[in-house]
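In case you want the letters, here they are:
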Amino acid sequence: MSKFHVSTQVNGDAVEFLCDPRETLLDCLRDKLNLTGTKEGCGTGDCGACSVTVEGRLVCSCLMLGVEAEGKQIETVEGIADGDMLHPLQKKFIEYAALQCGVCTPGILVAAKSLLEKNPNPTEEETRYWLAGNLCRCTGYDKIIRAVMDTAAELREAS
Amino acid sequence: MALDDRKSEFNFVGTRPDRPDGLDKVTGRAKFGADAYAPGMLHGAILRSPHAHARIIKIDASKAEAHKDVKAVVTRADFSDKPEFKPGLEGEFWNVLENVMAGEKALYDGHAIAAVAATSALAARDALKLIEVEYEVLPHVTDVDKAMAPDAPVIREGAADYSVPAGMHPNVVRYHESGHGEVEAGFAEADLVIEDSFATEATHQGYIEPHACLAMLGNDGKGELWCTTQGHWYAQKYCAAALGIETAQLRVTASEIGGGFGGKTTVFIEPVALALSRKANRPVKLVMSRSEVFRATGPTSSASMDIKIGMKKDGTITGAQGIFRLQGGAFPGAPGDMTAMCGFAPYNLTNVRQVGYDVMANRPKQAAYRAPGAPMGAFAVESVIDELCKKLGLDPIDVRLKNAAHEGTKANYGPTYERIGLVETLEAAKAHPHYAAPLKPGQGRGISCGFWFNHGGETSVSLALSEDGSAQLMVGTPDIGGSRASMALMAAEVLGIPYENIRVTIADTATLGYNDVSHGSRVTYASGLATIKAAKHAVEKLCERAAVKWGIPGDAVKWEDGCAVPSGPNAGDFDPMPLADITADMGATGGPISGHFEATPEGAGVSFGTHIVDAEVDPETGKTSVIRYTVIQDAGKAIHPDYVEGQFQGGAAQGIGWALNEEYVYGEDGRLQNSIFLDYRIPVASDLPMIDTVIVEVPNPGHPFGVRGVGETGIVPPLAAIANAVSNAAGVRMRQLPMSPPRILAALKENG
Amino acid sequence: MDYHSPASFVEASALAANATGITRFLAGGTDVLVQLRSDLVTPDTLIDIKKINGVRDITRNADGSWTLGVAATGAEMSEHPELGRDWPGVVEAMDLIGSTQVQGRATLTGNLCNGSPAADSVPAMVAAGVTVTVTGPDGARELAVEDIPTGPGKTALAKGELISAVNIPARGANGGDAYLRFIPRTEMDIAVVGVGVNLRLDGDKIIEARVSLGAVAPTVLLVEDCAKAIIGTTLDEVALDALATAASAACNPIDDKRGTIEFRTEVAGVLAKRTAKIAYARAKGEHA
């Protein structure tokens, strides 16, 4: 079984890898590019821990093959901060204690960032539904929703 | 009662600083179980039984072994045959090994049969298909009541311990009975007696991070293990036993843990990865799929319960009896005793009797899940209390206050309570605006109390000071709820140096003494107590060094706000000496300064909570929405209130899932039908309201700062509180969990 | 597993026609990858159709009808400024599938070809009278959506055939559609019951109607009796009750982990009423 050579961009960096066509983008990010910030919680698109954006579109990297990444722009949790400057969402998640174990956090941050880019003023209900595909078992979502809503408010004030 | 209204005698404790692991966790740098890699690493995969109960006639792995990508295949024969089998829980080493890798029989759908290590994860998965297993399928049973019936298939002869009365089915492996007074006399005194039966299905802890490990074991018997676990000393001990090596030769490092809730207090894949590594002589990484997590790791027990309670017209409970049957999978260990002891624990009862059964069935070995056993018992007991209140026209909080246990109450399970905070939580509930808020048509309000013992456990902590005055704290309890933050706060409180100057590390098994698992809500209590004592130990040395520098007796120096100061006017007139001035030249004044503490603290302090919930039921579809939720719980003393609230909210959310939608669904064939998150329905963000919290602080006399563990009690009241709310909203009493829409709609129809 | 990414539907069809073993087409992949990862279906040949020109396009034709490319995602449908105004039921049905993340990949065509009786978009498409263009070795043909699924996991597509376009009729005047499903949570579940309703009014009176049911039979059902129950009425209580009765009567469900026979049968009637009310309000130009 021959492997495919894939050239793509992750967090702005040009990268290449070889993959079996059965390997998912998640497998490739983690095992070939050492970007282990993106997590596998289910492998069936039900938990959102593997959330990334592809061409600006929020997807589960476990539901996309590595070969499909050819020529695409991919953003992961590792690309959210700008150098040593945390993204406002990252700061708020720490400030609000919006994480406990932290394994869902990368996916939730990627998803929440995508929300705020599309909708700078989401209601609580919109935020909850947007994040419904990101399971968190620790927090009951309360502090997560508050952190996202407050980040949105802060970003609106700043702009 | 809110924290912010109290004047604190603490400088650090009770504040809300950023957690030390926050940056790593928001940037993706934090390393969890599956995030470790090693040079030359192989990938493992496990072959699992498709049968609920089957004799393993033959395993032919020759084709897999012959495959070029496969470097090792292991079966039960590759593990130690030494772990002793004794009946009941005493044979836990043997039970754990038998669960890790099946012996003569596959005991449940998903039971591990064999494992391979290959050059890639795909190759390992493919190689499993090359292993041929011949099974003799046996009759199976998955339901608790059926497993106790005379004609039930026997899971394992001789597994019952001494406690089981003669004549019971061999699947009943432990029996518990306790109480005091005369329940029949109590029922005779009552104006109303209600007797009812309840059932709950097994639920899974549902941590988002699947089990994962990286293992290396040489044929010299020396090994390294990296794994996601709530207790790496436990992993060390049980892996060593399963592999037949010396405990001290295996160094275990706990990764960041992506949720556990009790489910990561044991081992599953870790001994398998070590066995594969020993055989292949290369590091082996093993990561479970979600489906494997559901099929083969610890769900909680399912339960069948009969409750009988008598009450006077004024709300006094005159007698209470509970029979609690818990199914815990194909091994002893279902917490029937815990369920029995916790159900009536919130109440001051004259006549009470409780019986618990530990029953085996063809399901995965149950593992602890947040106050193991307690939520089911509370569901049954608090539902009957609610029904009594309704029938007698009494306010459910008033009735609970009337019967509430307090300091000096002889608990239903034996001991006499010290200072406890149940009454305070009930009073806070009654005073909370939620309890008086109006309800819309179709909505109902429910309340429930809940109890958990809390635990101490074996604990070691080490604290070392650096020359620059910073401190490193080594604790042995994996951080499952923000404990590095609370440990640093407690150490800062004693040392008097800033929180940020303390680095807390979860030490590996080679660098600290034994630590019990992070369970039993014990970490903030026990590791916290040990941290305080270790810091005080270091402070004693700091005072001694200051005394030497000043040329005065050691006992003439005391510690205040991070400085050594003379203890009185007679000790001499010296300026306060800051910690960093003492550590700067500690090498010359007597050597490195550290503090240690090892003990098994016994004063964990029992915990109570009261929850209020509003639910709305769609009468046409039976769908329940949780509209409002308030958690009120005694924390003793909240060290980092954010993480106390987080525990309250997380416990409530898990309880909501258990009450409404989560369940293990087995088919007629004994196979688990819903082993993915699509069909094992944990609450999603849009399912829940904000979860309000009230931290009650009734200090625990057994902890220097008054801490009571808070992790587990929060999941005890929700099942009953929601059942009571649904009952008030829909006008039907729900006796079976989950209260899924088909069950509620059927109950509504039955009710006319 | 062989992976191909052909540049045309003809090429894709030829690849599939000549392949041996199991062949799957990859659009959004939200079903194909789950089946692959869980070892349920490991295709021998996987044909990614996303490199074919125009597969992401959403086009309004001159006659008011719509042509959707087979890889247009749920997110792209929801974000389209006009599609949802014409066919809110179809767009909302698609939008109900999975999470925001799944919406970024999932497609109508994939939902249809997966062959699940519980597929959310299918009852909405059936009610709307959607057809699909099928390209095969012998050229192209057009099939009604209700004729594609033949049983759980099975479709009417022959070897070498694949869907190459989704055709939604012109909305026309005084029409409205809606889709509702029942799930135990608020999101992320598979429908326990789904109901699609599409109708047209003359004044207050319903003159055309199509009602479809999902998750209550081996395939999505187009239920004539439900349509009859409301055609000629103003959707009054009598008509609604008749609709509910017809919907429940059409059910031939199973007991499974997601719901019971009794529950599905009962709730099909409840949802039929609720869905029809929304479609009716939309046909009247009211917000619903």
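Residues numbered from 1 in each chain as written. Chains lettered and ligands numbered in written order. Predicted model: local features only at pLDDT ≥ 70, side-chain atom pairs only at ≥ 80, totals over all residues. Heavy atoms only, no water.

A. Molecular detail of the overall build of chain B. Counting its regular elements, chain B contains 21 helices and 26 strands. A compact globule built from 752 residues should have a C-alpha radius of gyration of about 27 Å, and chain B, at 27 Å, falls within 12% of that. Across the 752 residues that make up chain B, the buried fraction comes to 67%. Across chain B, contacts joining residues at least 24 apart in sequence account for 79% of those joining residues at least 6 apart. Taken together, the 68 basic and 91 acidic charged side chains of chain B have centroids lying 4 Å from each other. (Helix = DSSP H or I, 4+ residues; strand = E, 2+ residues; numbered from the N terminus. Rg over C-alpha atoms; globule rule 2.2 N^0.38 Å. Buried < 20%, exposed > 50% of the residue type's maximum accessible area, 1.4 Å probe, protein only. Contact = heavy atoms within 4.5 Å. Lys, Arg positive; Asp, Glu negative; His and termini not counted. Charge placed at Lys NZ, Arg CZ, Asp CG, Glu CD.)

B. Region of interest: the packing of helix α15 (residues 483–495) of chain B against helix α16 (residues 523–550) of chain B. Residue and element names in this part refer to chain B. Contact geometry for α15 and α16: axes closest at 9 Å, N-to-C directions at 30°. The pairing of α15 with α16 is recorded here as roughly parallel in orientation. By crossing handedness, the relation of α15 to α16 is classed as right-handed. Residue-level contacts link S483, S486, M487, M490, A491, V494 and L495 of α15 to V523, T524, S527, G528, T531, I532, A535, K536 and V539 of α16. Its residues placed into classes, the contact of α15 with α16 shows 9 nonpolar, 6 polar and 1 charged. (Axes fitted to C-alpha atoms, helices over the stretch in contact; angles between N-to-C directions. Parallel < 35°, antiparallel > 145°, perpendicular 65-115°, else oblique. Left-handed = near helix turned anticlockwise from the far one by under 90°. Nonpolar A, V, L, I, M, F, W, Y, C, P; charged D, E, K, R; others polar.)

C. Main features of unusual backbone geometry. Omega for the bond connecting L737(B) with P738(B) falls within 30 degrees of zero, at -5°, which places this linkage in the cis form. Examined against the element boundaries, P738(B) turns out to sit in the loop between α20 (718–730) and α21 (741–750). Positioned with a positive phi, M188(C) is a non-glycine residue whose angle comes to about 75°. Relative to the helices and strands, M188(C) is located in the loop between β11 (175–182) and β12 (193–202). For M188(C), a relative accessible area of 5% translates into the label buried.

D. Up close: the domain arrangement of chain B. All names here are of chain B. According to the domain assignment, chain B consists of domain 1 (33–139 + 205–296), domain 2 (419–447 + 606–750) and domain 3 (459–599). Inter-centroid distance (C-alpha atoms) of domain 1 to domain 3 is 40 Å. Contacts between the two partners involve 16 residues from domain 1 and, on the opposite side, 17 residues from domain 3. Summing both sides of the interface, domain 1 and domain 3 together bury roughly 1300 Å²; the carbon and sulfur share of this comes to 60%. Counting the contacts that link domain 1 with domain 3 gives 2 salt bridges. (Domains from an automatic or database assignment. Buried area = accessible area lost by both parts, 1.4 Å probe. Salt bridge = Lys/Arg side-chain N within 4 Å of Asp/Glu carboxyl O.)

E. Here's a closer look at the interface of chain C and chain B. Contacts between chain C and chain B engage 21 residues on the former and 23 residues on the latter. Both sides of the chain C and chain B interface together cover about 2000 Å² of buried area, and 51% of this is carbon and sulfur. Interface area lost by chain C to chain B is led by P184(C), R185(C) and K257(C), which between them contribute 33%. Inspection of the region where chain C meets chain B yields 8 salt bridges. Among the ionic pairs, D39(C) bridges to K129(B), the shortest N-O distance being 3.5 Å. Linking chain C with chain B are 15 residue pairs in polar contact (both at pLDDT 80 or more). (Polar contact = N/O pair within 3.5 Å; in protein donor to acceptor, adjacent residues only side chain to side chain.)

F. Representation of helix α8 (residues 270–280) of chain B within the structure. The buried count for α8(B) comes to 9 of 11 residues, which makes it a mostly enclosed element. Downstream of α8(B) by a residue or two, N281(B) has a phi angle that is positive, lying close to 55°.

G. Representation of helix α3 (residues 92–100) of chain B in the model. Of all 9 residues in α3(B), 8 are buried; the element is thus mostly enclosed. On the buried face of α3(B), the contacting elements are β4 (105–106), β5 (112–118), α7 (232–243) and α8 of chain B.

H. Fine view of the environment of V100(B). Residues and elements named next belong to chain B. The residue V100 is located in helix α3 in this model. Counting along the chain gives 196 residues from V100 to A296, while the straight-line C-alpha distance between them is 9.2 Å. Setting aside its immediate chain neighbours within four residues, V100 contacts A112, V267, F268, P271 and V272.

I. Representation of the packing of aromatic side chains in the model. In the structure shown here, the tally under the stated rule is 22 aromatic pairs over all chains. An angle of 80° between the planes, with centres 5.7 Å apart, marks the rings of Y417(B) and F608(B) as edge-to-face. Of this pair, Y417(B) sits in the loop between α12 (396–403) and α13 (422–431) while F608(B) sits in strand β24 (residues 607–617), and the two are 191 residues apart along the sequence. Y417(B) gets classed as buried once you look at its relative accessible area, which sits at 4%. For F608(B), a relative accessible area of 0% corresponds to the buried category. Where F182(C) meets F263(C), the ring centres are 5.2 Å apart and the plane angle is 70°; that geometry is what we call edge-to-face. With F182(C) in strand β11 and F263(C) in helix α11 (residues 261–283), this residue pair connects regions lying 81 residues apart in the sequence. (Phe/Tyr/Trp six-rings, centres within 6.5 Å; stacked < 30°, edge-to-face > 60°.)

J. Structural context of the packing of α21(B) against α11(C). Viewed as axis vectors pointing N to C, α21(B) and α11(C) meet at an angle of 80°, and their least axial separation amounts to 10 Å. Accordingly, the angle class assigned to the pair α21(B) and α11(C) is roughly perpendicular. Between α21(B) and α11(C), the contacting residues are P741(B), P742(B), L745(B) and K749(B) on the first element and F263(C), E266(C) and V267(C) on the second. Looking at the contact of α21(B) with α11(C) residue by residue, the classes come out as 5 nonpolar, no polar and 2 charged.

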